[in-house]
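Architecture and fold: a report
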Amino acid sequence: MNCLKICLDKTGAKADTPLNIGLNIIDTDLEAVILRCHDFYRSADTITAPSEMLTLSVKMLTKYFAKTREATGLKWDNTSPGFHEIRSFSARFYTEQHGDISLRC
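This report concerns the structure included in the present document. Since the structure is predicted, the reported quantities are computational estimates derived from the model, not experimental observations. (Residues numbered from 1 in each chain as written. Predicted model: local features only at pLDDT ≥ 70, side-chain atom pairs only at ≥ 80, totals over all residues. Heavy atoms only, no water.)

Concerning the overall build of the protein
On a plain count of helices and strands, the protein comes out with three helices and four strands. In the protein, the order of α-helices and β-strands from amino to carboxyl end is β-β-β-β-α-α-α. Per-residue burial over the protein gives 12% buried out of 105 residues. When the accessible area of the protein is evaluated, it comes to approximately 8,500 Å², of which 58% is carbon and sulfur surface. (Helix = DSSP H or I, 4+ residues; strand = E, 2+ residues; numbered from the N terminus. Buried < 20%, exposed > 50% of the residue type's maximum accessible area, 1.4 Å probe, protein only. Areas by Shrake-Rupley, 256 points an atom, 1.4 Å probe, with all protein chains shown as cover.)

Side note on the pairing of strand 1 (residues 3-7)
Strand residues, when the strand is regular, have side chains that alternate between the two faces of the sheet. Bridge count for strand 1 against strand 2 (residues 14-18) is five bridges, and the pairing is antiparallel. Bridge pairing links Cys 3 to Pro 18 in strand 2. Linking two consecutive strands that pair antiparallel, namely strand 1 and strand 2, is a turn of six residues; a positive phi of about 80 degrees is found at Gly 12 within it. (Pairing = 2+ DSSP bridges.)

As for the pattern of salt bridges
Per the counting criterion, the structure on display carries three salt bridges. We note a salt bridge from Arg 69 to Glu 70, for which the minimum N-O separation is 3.1 Å. Take Glu 70: its relative accessible area is 43%, and that puts it in the partly exposed class. Taking the shortest distance from any N to any O, the salt bridge between Arg 92 and Glu 96 comes out at 3.7 Å. Remark: Glu 96 and Arg 92 occur in helix 3 (residues 83-98); sequence separation between them is four residues, near one turn of the helix. (Salt bridge = Lys/Arg side-chain N within 4 Å of Asp/Glu carboxyl O.)

Some remarks on unusual backbone geometry
The phi angle at Asp 27 is positive, at roughly 50 degrees, despite the residue not being glycine. Assignment of secondary structure puts Asp 27 in the loop between strand 3 (22-23) and strand 4 (28-29). What makes Asp 27 exposed here is its relative accessible area of 71%.

Some details on the side chain of Thr 28
Summarising the element assignment, Thr 28 is placed in strand 4. Ignoring sequence-local partners within four residues, the contact set of Thr 28 consists of Gly 22, Leu 23 and Val 33. (Contact = heavy atoms within 4.5 Å.)

So, helix 3
Taking 1.5 Å per residue, 16 residues should reach 22 Å; helix 3 reaches 22 Å between its end C-alpha atoms and fits that length. Gly 99 sits one or two residues past helix 3 and shows a positive phi near 90 degrees. (Expected span 1.5 Å × (residues − 1).)

Re a nonpolar patch on the surface
The grouping of Leu 4, Ile 6 and Leu 8 at the surface amounts to a nonpolar patch, some 220 Å² of accessible area in total. Looking at the element boundaries, Leu 8 is found in the loop between strand 1 and strand 2. (Patch = residues over 30% accessible without salt bridge, like charges linked within 9 Å, V, L, I, M, F, W, Y side chains within 5 Å.)

Encoded structure:
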């Protein structure tokens, strides 16, 4: 099974998230999202780490998250949602669809 390898800076905790997890509400899975990002930014700076397992900096992820969020063309009444707010929504939707949010590769 293919997995996204994650290491949390604050705690050093590591997690492997299956690429086939998805949400019915958006009709896609993690692997499709990563591939779409890769295709979209192919001729520009990349947001995916090379296969040599190099890490992505928080600054780089924040920059490209904001860039991608703005590229959606969606408008908000006040402040645009941040990464953690969107992550929280996705966790809630995943839990509603699948129950337990603990994922293992």
